[in-house]
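# Survey of secondary and tertiary structure
Residues per chain, in single letters:
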Amino acid sequence: MHSVTVLGAGSWGTALAFVLAENQHDTLIWSHRKDQSQEINDYHTNKKYLPDSELPTNLAATSDLQKALQHAPTIVLAVPTKAFREVIQNFLPYLSEPKTFVHVSKGIEPDSLKRISEIIEEEIPEHLRKSIVVLSGPSHAEEVVLRHPTTVTAASVDEHSAKFVQDLFMNHYLRVYTNEDVIGVELGGALKNVIALAAGIVDGLGYGDNAKAALITRGLAEISRLGIKMGAEPYTFIGLTGMGDLIVTCTSVHSRNWRAGNLLGKGNSLEQVLEDMGMVVEGVRTTKAAYQLSQKYDIEMPITHALYDVLFEGMTPKEGVDQLMLRTKKHELEDFKSF
Ligand SMILES: NC(=O)C1=CN([C@@H]2O[C@H](COP(=O)(O)OP(=O)(O)OC[C@H]3O[C@@H](n4cnc5c(N)ncnc54)[C@H](OP(=O)(O)O)[C@@H]3O)[C@@H](O)[C@H]2O)C=CC1
Ligand SMILES: O=C(CO)COP(=O)(O)O
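An unreviewed UniProt entry lists the chain under the name Glycerol-3-phosphate dehydrogenase [NAD(P)+], from Tetzosporium hominis. What the UniProt record of the chain gives under Pathway (unreviewed entry) is the line "Membrane lipid metabolism; glycerophospholipid metabolism."

In structure tokens:
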């Protein structure tokens, strides 16, 4: 049994805390809202994020960040990318010894173009970090808490830490693999959200399975092109955190990114969609970051560019699709020939 703290009590933080507590670890989940930590302690529910689930009675919650930090040598960070730096800056005064940081957020910061592990490295001094592990893969919280079979990957440059995280989470419904390709795992997890938004849009426009299959396949091609240029291992993109997460996010009604895209495709404004979702839609900010990365690394990412134009430049979803279909003719593997 290990002590583990989960920071963030949204859908994913709660589902992961559920798994850790079921695995008999001494688990404390932190919510920045007192009413929510009270609800978890008193009623063993988190109605806002996982309305149909009962949480394990051995899962404790707190809204006291100092207590949360001091509870465990392993900290799981499960807040949206946008809140990531703020949460670290808030807990830093309480961090007095090195800890293992496991992050599960799937985004890239616009402008700085940092991956999440790079944000951790930037914000937490080296002597206060034991190691950094990213846990990612095709895993909707709603299915994990139903104990439906799910597979994810724990990635770290430190193999020992990746295996430690594998052991923490692994059980009969959550199978955890390891990988050392942090860049590939983080990029796959973040960039699939961009393609999932686009997949939602084509569904919202009423196009069919052909269009969705095209987006998934060509989406993987552009994610891989960028990722390889940024130093990722090519094979990571056909694994769980690449192809696997792309499939689940582009095809599942649980996906907030797909649902947001679907509403956009049906003609709703981005502002309205984000207001209605009430949960994080990571792909919106990551589309901006991915667009900037494609320019920085001079990599062609047509789906990302079309989505950027739809989200931020006033293009209609239909015009975005036309832009993709009417591009100049290409060989299917043209952009991979230089690798
Ligand atoms: N949901 C899933 O199935 C999966 C999600 N992920 C990733 O996990 C990350 C978290 O997503 P998820 O849990 O789904 O998101 P949710 O939208 O479900 O929950 C986000 C949580 O973070 C809290 N939060 C927001 N801003 C802050 C802040 N500034 N300080 C403290 N807490 C804050 C929210 O609090 P409040 O309620 O007050 O807004 C809420 O508890 C994302 O990067 C996502 O891509 C990865 C795999 C699966
Ligand atoms: O990352 C996820 C599943 O693996 C969750 O995707 P959404 O954020 O689109 O719901």
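## With respect to the site of ligand 1
Lining the immediate surroundings of ligand 1 are 26 residues, of which S11, H32, Y49, A141 and E282 lie closest. At 3.5 Å, a side-chain N or O of E86 approaches a nitrogen atom of ligand 1. One of the side-chain nitrogen or oxygen atoms of E282 is found 2.6 Å away from an oxygen atom of ligand 1. In the complex, 88% of the free accessible area of ligand 1, which totals 890 Å², lies under the protein chains. Those elements giving two or more residues to the shell around ligand 1 turn out to be α1 (11-22) and α4 (81-91). Across the shell around ligand 1, the residue classes tally to 13 nonpolar, seven polar and six charged.

## Notes on the UniProt feature "active site" (unreviewed entry) in the chain
Mapped onto this structure's residue numbering, the UniProt feature "active site" (unreviewed entry) falls at K192. Secondary-structure assignment places K192 in helix α8 (residues 182-204). Given a relative accessible area of 6%, K192 falls into the buried group. In contact with K192, other than residues within four places in its own chain, are K106, I223, D245, L246 and T249.

## Quick word on the site of ligand 2
As a structural note, the neighbourhood of ligand 2 is formed by 13 residues, with K192, D245, S255, R256 and N257 the closest of them. For ligand 2, an oxygen atom lies 3.0 Å from a polar atom in the backbone of S139. Considered on its own, ligand 2 offers 310 Å² of accessible surface; in the complex 92% of this is hidden by protein. Every element with two or more residues in the shell around ligand 2 is listed here: α10 (240-251) and α11 (256-265). Broken down by element, the residue count for the shell around ligand 2 peaks at three residues, all from α10. Here the residues of the shell around ligand 2 are counted per class, giving two nonpolar, seven polar and four charged.

## Notes on the pairing of strand β2 (residues 26-30)
A regular strand carries its side chains on alternate faces of the sheet. Burial analysis of β2 places four of its five residues in the buried class, the great majority of the element. Taken together, β2, helix α2 (residues 34-43) and strand β3 (residues 60-62) constitute a β-α-β crossover, and its handedness is right-handed.

## Here's the deal with the pattern of salt bridges
Going through the model one piece at a time under the given rule, you end up with 14 salt bridges. In this structure, the salt-bridge partner of D245 is K106, at a minimum N-O distance of 2.7 Å. Of this pair, D245 sits in helix α10 while K106 sits in the loop between β5 (99-103) and α5 (116-123), placing them 139 residues apart in sequence. With respect to class, D245 is no different from K106; both count as buried. The closest approach of N and O atoms between E186 and R115, which form a salt bridge, is 2.6 Å. With E186 in helix α8 and R115 in the loop between β5 and α5, this residue pair connects regions lying 71 residues apart in the sequence.

Rules used in this analysis
Along each chain, residue indices are assigned from 1 in the same order as the chain's sequence is written. Ligands are numbered from 1 and chains lettered from A, in the order in which they are written. At least 70 in pLDDT is required for a residue's local features to be given in this predicted model, at least 80 for side-chain atom pairs to be given and counted, and no such filter applies to totals for whole chains, interfaces and linings, which use all residues. Hydrogen atoms and water are omitted, and side-chain values are computed over all heavy atoms in the structure. UniProt positions are given in the numbering used here, feature names are shortened, and annotations may be inferred rather than shown by experiment. Whether a residue is near a molecule or strand depends on its heavy atoms: it is near if one of them lies within 4 Å of it. N or O atoms within 3.5 Å of each other form a polar contact, as long as, within protein, one can give a hydrogen and the other can take it, and as long as residues adjacent in sequence are counted only when both atoms are side-chain atoms. What sets the accessible areas is the Shrake-Rupley method with a 1.4 Å probe; for residues, cover comes only from the shown protein chains. Secondary structure elements are taken from DSSP: a helix is a run of H or I of four residues or more, a strand is a run of E of two residues or more, and numbering for both begins at the N terminus. In this classification, the charged set is Asp, Glu, Lys and Arg, the nonpolar set is Ala, Val, Leu, Ile, Met, Phe, Trp, Tyr, Cys and Pro, and all remaining amino acids, among them Gly, are polar. Exposure classes here rest on a 1.4 Å probe applied to the protein chains alone. A residue is buried below 20% of its type maximum, exposed above 50%, and partly exposed in between. Residue contacts are defined here by distance: any two heavy atoms, one from each residue, within 4.5 Å place the two residues in contact. A crossover counts as right-handed when, viewed with the strands pointing away from the observer, the path leading from the first strand over the helix to the second turns clockwise. Throughout this description, the term salt bridge denotes a Lys or Arg side-chain nitrogen within 4 Å of a carboxyl oxygen of Asp or Glu.

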